[in-house]
Amino acid sequence: MNVFTQTHLPKDGWIKGCFVCSRPTSNIKSYNYKEKVNTVFLCKNCEKQNINSTVPNIFIYSFQEKLNRYINENTLEPFKARTYSLDPPIIRRYHQPKIPTPPPQTLDDIV
Ligand SMILES: [Zn+2]
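Because the structure is predicted, anything quoted here is derived from the model rather than measured.

Caption draft 1: Region of the structure containing the sheet that holds strand β5 (residues 36-41). Read from one edge to the other, the open sheet built from 3 strands follows the order β1-β5-β4, with strand pairing classed as mixed. Strand pairing shows two members of the sheet lacking a second neighbour, β1 (2-3) and β4 (28-33), which therefore form its edges. Direction of pairing for β1 relative to β5: parallel, over a ladder of 2 bridges. Across the sheet, the residue bridging to Val3 is Val40, located in β5.

Caption draft 2: Up close: unusual backbone geometry. With a phi close to 50 degrees, Lys34 is a non-glycine residue in the positive phi region. Its place among the elements puts Lys34 in the loop between β4 and β5. Here the phi dihedral of Glu35 falls at roughly 60 degrees; this positive angle occurs in a residue that is not glycine. Inspection of the secondary structure puts Glu35 in the loop between β4 and β5.

Conventions and cut-offs
- Residues numbered from 1 in each chain as written.
- Predicted model: local features only at pLDDT ≥ 70, side-chain atom pairs only at ≥ 80, totals over all residues.
- Pairing = 2+ DSSP bridges.
- Helix = DSSP H or I, 4+ residues; strand = E, 2+ residues; numbered from the N terminus.

Written out as structure tokens, the structure is:
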């Protein structure tokens with residue numbers, strides 16, 4: 001998902017509004033969340049303020065919270081659910097109970 005602020009800028013353009021201050025920027029950061037890679041538009045100034053300097057490529061906690069909330073609220077319904085394998089289901093063989101065969105009947109038994 002592309003994370004940015006809506007601006008007057010063209011929808012398909014490579015310059016978007018900074019997620020924090022909405023200034024036009026082409027500076028992007030990759031952000032992994034829920035096993036998906038998101039692209040965050042963040043101007044250099046906001047990047048400096050929100051990057052955790054002790055761990056490379058990690059945002060500060062409050063910013064990350066805001067980012068996660070945005071991603072959760074803007075993820076389309078089909079992508080929210082867990083993905084299921086398209087492989088056919090495994091059919092387990094089950095054992096039928098053995099029915100004992102009746103003893104052979106003779107004419108004397110019937111009469
Ligand atoms: Zn900014």
